[in-house]
Structure formats: C-alpha cells, structure tokens
Amino acid sequence: METFFGELVGGFARVIVAALIIWMICLLILLFKELFSPGKLDFKAYLYKVWRSLLFSFEITAYGGLLVGPYLMFKTEKYFTYAMVFVVALLFSALAITIRRQTGNWELPKFWS
C-alpha cells in the first residue's frame, strides 16, 4: 500500500512538472510575441493569454501522458511507475474533458493570437 501511494504521488509529480515545463516554453513564446508586437501592452489581455496557456499546457500534458505512459512502461520495464503516470494522465484528461464539456468550449485556445 505504501508503494502504491508513493508511486501515485510520483506520477502526479511527473505530470505536473512536465506541464510546468511546457507552460514555461509557452510563456517564452508568448513573451517574445508580445515584445515584438507593435502597440501598447494590454496587461489584462496578456494575463488572460498566460492563464489560457497554463490550462492548455496541463491539457496537452494529460493527453500526452496517455500516449507516453504506456510507451515508457514497456520500453523501460518500470511497469508500476509509468502505470501510475498513465492513471494520473487519465484522471487529468477526464477532468479536462469535463471542464470543456461544462463550459461548452471545444475549440483550441487562441492564446497565440
């Protein structure tokens, strides 16, 4: 039982760290895009784009974990570790789909524009 919870927490940590790395990459792209765009910086619109990129990075990480988890499970033969990553990605994916269904927003975010 102790191993299960340890691996489950490890799975959450791996998925969240991967999402934060993707978010930081999105922030760099967004920062340079705003930096070189003509006109004044609308801070409220910029923060909205930052928030949307955070949600997008967690969603992409959850969907990617559904593919990467089983691949790494059989490639590295650490079955229990990456099975927990797959379970966490499945939970995050279900949460993301539920949020999209409740908000009625099925299109990709437009934080790049």
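Higher on the page you've got the structure.
Residues numbered from 1 in each chain as written. Predicted model: local features only at pLDDT ≥ 70, side-chain atom pairs only at ≥ 80, totals over all residues. Heavy atoms only, no water.

(A) Quick peek at the nonpolar core. Counting 9 residues, the largest nonpolar core consists of Leu8, Val15, Ala62, Met73, Tyr82, Met84, Val85, Val88 and Phe92. Of all the secondary structure elements, the ones that give two or more residues to this core are helix H1 (2-35), helix H2 (43-76) and helix H3 (79-103). The element best represented in this core is H3, accounting for 5 residues. Beyond its immediate sequence surroundings of up to four residues, Leu8 is in contact with Met84 and Val88. Listed in part, the 6 residues of the second largest apolar core include Trp23, Leu30, Tyr46 and Val50. (Core = buried A, V, L, I, M, F, W, Y, C linked by side-chain atoms within 4.5 Å. Buried < 20%, exposed > 50% of the residue type's maximum accessible area, 1.4 Å probe, protein only. Helix = DSSP H or I, 4+ residues; strand = E, 2+ residues; numbered from the N terminus. Contact = heavy atoms within 4.5 Å.)

(B) Quick peek at the pattern of salt bridges. Counted under the stated rule, the structure contains 2 salt bridges. In this structure, the salt-bridge partner of Lys49 is Glu34, at a minimum N-O distance of 3.0 Å. Taken together, the residues span a long stretch of sequence, with Lys49 in helix H2 and Glu34 in helix H1 at a distance of 15 residues. The pair Lys49 / Glu34 is uniform in exposure class, with both members buried. Across the pair Glu59 and Arg100 runs a salt bridge, and its minimum N-O distance is 2.7 Å. Taken together, the residues span a long stretch of sequence, with Glu59 in helix H2 and Arg100 in helix H3 at a distance of 41 residues. Taking the relative accessible area as the measure of exposure, Glu59 reaches 13% and is therefore buried. (Salt bridge = Lys/Arg side-chain N within 4 Å of Asp/Glu carboxyl O.)

(C) The arrangement of H3 in detail. Between its first and last C-alpha atoms H3 spans 36 Å; for 25 residues at 1.5 Å apiece the expected length is 36 Å, and the two agree. Along H3, the positions that sit buried rather than exposed are Thr81, Tyr82, Met84, Val85, Val88, Ala89, Phe92, Ser93, Ala96 and Arg100. Close packing links the buried residues of H3 with H1 and H2. Gly104 occupies a position one or two residues after H3 and carries a positive phi of about 75°. (Expected span 1.5 Å × (residues − 1).)

(D) Representation of the packing of aromatic side chains. Inspection of every chain in the model, using the stated rule, returns 5 aromatic pairs. Centroid distance Phe12 to Phe92: 5.7 Å. Interplanar angle 75°. Geometry classified as edge-to-face. In this pair, Phe12 is assigned in helix H1 and Phe92 in helix H3, connecting sequence segments 80 residues apart. Ring centres of Phe32 and Phe36 lie 6.3 Å apart, and the angle between their planes is 10°; this geometry places the pair in the stacked category. With a relative accessible area of 44%, Phe32 lands in the partly exposed category. One aromatic cluster is present, built from ring pairs that chain together Phe4, Phe5 and Phe80. (Phe/Tyr/Trp six-rings, centres within 6.5 Å; stacked < 30°, edge-to-face > 60°.)

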